[in-house]
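# Architecture at a glance
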Amino acid sequence: MEAQNIFLYLIIVFLSLHFVFTTLKGRLSPANTRRLIRLLHIPIKSPVAAAIFARKDTREFLDSSIKLVNEEDDFGFNFDFKPYMISKAETINRALDEAIPLIEPLNIHKAMRYAILAGGKRVRPILCLAACELVGGEERLAIQAACAVEMIHTMSLIKDDLPCMDNDDLRRGKPTTHKVFGESVAILSGGALLALAFEHLTEADVSSKKMVRAVKELAKSIGTKGLVAGQAKDLSSEGLEQNDVGLEDLEYIHVHKTGSLLEASAVIGAVIGGGTEKEIEKVRNFARCIGLLFQVVDDILDETKSSEELGKTAGKDKVAGKLTYPKVIGVEKSKEFVEKLKRDAREHLQGFDSDKVKPLIALTNFIANRNH
């Protein structure tokens, strides 16, 4: 009888703790919820969250960001960066998974899912969501737009890796899409992602005026005023001697090939979030800085890291004779330029709400300090 009583007491205690935890979980912030989970040693049950934690590229991504957690920056506040990025990544990955089901044509959808769910840092969609919230919008309004910019980005990677372009065999630590599915399926899956991006964007619950502007921003960022222009210039500049090119040519490539989609990601988020023209322009200038910052860091990493560390082929820019910042101004000067761009980016965020600006400051720091 005594053993039965003890067993009943234990059940009551367990149920009480479970009730308290469940109640608190609904009221706590994501960061504090995770602290409570760690304190009580309760495993995270979500299959999406488990998949994200298990993925090698995400673990490396978070490891490289650890020094930003609870670090006081120039704006004089602390920001718990890791939980924020995990939360946003989970939201985006779940939305992308739902947006691309395994339906006919099966092989095309398999290739689309292979390319977009292979990992990645999700910098562009997170930037879109953060910009929306910066100007007072709700995250739910920008989810479709965030997915759309990631679909466009993935499409550009598929095309970029093709033999007729950069001819790469490795992307995000895995064989490139055309290596797994063949060139024809890779090209078709890239085209399908491009079309789906615009279809998905138009499903956002915003006014027609905002939608038209968002569609225009996205289209401009990938056409002959954006990504395509940068890629064309990049290809035509391969093999040129250092004396034949200058910083102007290099900046043109980076601003268009990489920066234009990052800029569009932020601007679309600010438009959907209901930002004023002044706020949208400040967001645009901020995004231009981190767009160039992202590529300068990429150039440095390509020069200084291994393929295993990067998850893609290292040193290929140098072999192909591409224009890079280390090639034109050297690695040390490139690192100095990174610091300047980081300062400039922060300046454009002056005047916004100090709490809402924290994720963008942390994202800027991550882009500048990342190691892959």
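Under an unreviewed UniProt entry, the name given to the protein is Isoprenoid synthase domain superfamily, and the organism recorded is Arabidopsis thaliana x Arabidopsis arenosa. According to its UniProt record, the protein has this under Cofactor (unreviewed entry): "Mg(2+)". Looking at the protein in UniProt, the text filed under Sequence similarities (unreviewed entry) is "Belongs to the FPP/GGPP synthase family."

## Describing the overall build of the protein
In terms of helices and strands, the protein carries 19 helices and two strands. The proportion of buried residues among the 372 residues of the protein is 50%. The contacts in the protein between residues at least 6 apart in sequence include a share of 72% that link residues at least 24 apart. As displayed, the protein offers around 17,800 Å² of accessible surface, 56% of which is attributable to carbon and sulfur atoms.

## Some points on helix α7 (residues 123-134)
One full turn of an α-helix is made of 3.6 residues, so residues set three or four places apart face in the same direction. End to end, α7 covers 16 Å across 12 residues, agreeing with the expected 16 Å (1.5 Å per residue, within 8%). Burial analysis of α7 places 11 of its 12 residues in the buried class, which makes it a mostly covered element. For α7, the full list of buried residues reads Val-123, Arg-124, Pro-125, Ile-126, Leu-127, Cys-128, Leu-129, Ala-130, Ala-131, Cys-132 and Leu-134. Buried residues belonging to α7 abut α5 (81-99), α8 (139-161), α13 (247-272), α14 (277-304) and α19 (358-369). Two residues or fewer after α7 comes Gly-136, characterised by a positive phi angle close to 105°.

Parameters and conventions
- Residues numbered from 1 in each chain as written.
- Predicted model: local features only at pLDDT ≥ 70, side-chain atom pairs only at ≥ 80, totals over all residues.
- Heavy atoms only, no water.
- UniProt positions renumbered as here; feature names shortened; annotations may be inferred.
- Helix = DSSP H or I, 4+ residues; strand = E, 2+ residues; numbered from the N terminus.
- Buried < 20%, exposed > 50% of the residue type's maximum accessible area, 1.4 Å probe, protein only.
- Contact = heavy atoms within 4.5 Å.
- Areas by Shrake-Rupley, 256 points an atom, 1.4 Å probe, with all protein chains shown as cover.
- Expected span 1.5 Å × (residues − 1).

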